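Structure assessment
Here's the letter readout for the chains.
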Amino acid sequence: MQRNRPVERASALHIAVVVPVFRDWPSFAQLLDRLERALAGEAVSLSVVAVNDSPEAETAFRFTPPPGPGAIARVEILHLTRNLGHQRAIAVGLAYVEATLECDGVAVMDADGEDRPEDLGRLIRAARADPGAIVVAERRRRSEGVLFRCCYRLYKRAFRLLTGQTVDFGNFCLIPRRFLIHLVSMSEIWSNFPAGLLQSRLPIKRLPTERGTRYHGRSTMNLVGLIVHGLGAISVFSDAVFVRVTLLSSTFLVLTGVSILTVLGLKATGHATPGWASSLSVSLSVLAVQMVMLSVVAAFMVLNNRTSATVIPRLNYRNFLLRREIVWSRRDTDAARAIA
């Protein structure tokens, strides 16, 4: 008679969760509660690292985990010396985790609710199935207004045209521990984290997700913020942009030269209207000079980027870290209960 074999449970994973927070601590507290509920059935232990990107803001919040074992094992806050912005706050958090925490992987997610805690469980399961890749949340739709969505589509097309890469994911991802040292050694994630992931050439696995609903308030991302964000992403691929701009300029110069010769030929054979050939030739020459200047400026910008000092998160994150605050630890709570 064949005996039923016990079902094997997956070994518990220790995941560090980096969450940049800008004056939205009520949302962060709600995120912690939802993480506890969403990951209650997962074999996972979370160390949540909030990066306080607004040092002057009040960080008091309440987190009361349910009794008994839970998903969250530790919550701490990194207070920065100044406001760095969303992308750089993520870079500081990743560098801190790499230097101080032992974990199996690192997740990056926002605190506002648009990165759903339920999807973190999906990322973890996808990482278990394919531990050799960074699992990113691929956005299938956005929840902003029509104007913002149209501008975002234009940004994605411009990014594709200038860099040859496709950016279809944001910050929400799960990074295996062994890849973390490579990422925090890259200056590119200081400018734009998703673009830095693409530039790293590490294996990436996309997981389709839906954008969640914000817990409180409205998004602070506006058209100006989107443009700044897009320029930061494109700057990561400055070499590729320079090559494409140079090829475009060269092609335009060739076409301009052919056009000028054609106009002069028409003038010599008497088929051109008086004055028309000269005006068109001058206009084409001015455009050609502008394209040459564009290539020269692009070349100098690329050379300047190569010679200027860059920020390596792994080496420089301590310069922006004011202090760390452990706000809750399950181990300390259990020890206090045992003493009581």
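Anyway, here's the lowdown on the structure attached to this text. Just so we're clear, the structure is a prediction, and the values are computed from it rather than from any experiment.

**A closer look at the environment of A12**
Within the element layout of this structure, A12 appears in the segment before strand 1 (13–21). Given the relative accessible area of 58%, A12 is considered exposed. Once the C-alpha coordinates of A12 and V44 are considered, the two residues, 32 residues apart in sequence, prove to be 4.8 Å apart. Those residues within four positions of A12 in sequence are excluded, and the remaining contacts are A43, V44, D104 and R128.

**A closer look at helix 2 (residues 86–100)**
The terminal C-alpha atoms of helix 2 lie 21 Å apart, and with 15 residues this matches the ideal 21 Å at 1.5 Å per residue to within 8%. Helix 2 sits mainly inside the fold: eleven of its 15 residues count as buried.

**Some points on the pattern of salt bridges**
Counting across every chain of the model gives eleven salt bridges. Between R324 and E76 there is a salt bridge; the shortest N-O distance is 3.4 Å. One end of the pair, R324, is in strand 8 (residues 321–329); the other, E76, is in strand 3 (residues 72–80), with 248 residues separating them in the sequence. Since its relative accessible area comes to 1%, E76 is described here as buried. Between D168 and R206 there is a salt bridge, and its shortest N-O distance comes to 2.8 Å. One end of the pair, D168, is in the loop between helix 4 (146–163) and strand 6 (169–176); the other, R206, is in strand 7 (residues 204–209), and 38 residues separate them in sequence. Given a relative accessible area of 15%, D168 falls into the buried group. Since its relative accessible area comes to 32%, R206 is described here as partly exposed.

Reading guide: rules and limits
Residues numbered from 1 in each chain as written. Predicted model: local features only at pLDDT ≥ 70, side-chain atom pairs only at ≥ 80, totals over all residues. Heavy atoms only, no water. Helix = DSSP H or I, 4+ residues; strand = E, 2+ residues; numbered from the N terminus. Buried < 20%, exposed > 50% of the residue type's maximum accessible area, 1.4 Å probe, protein only. Contact = heavy atoms within 4.5 Å. Expected span 1.5 Å × (residues − 1). Salt bridge = Lys/Arg side-chain N within 4 Å of Asp/Glu carboxyl O.

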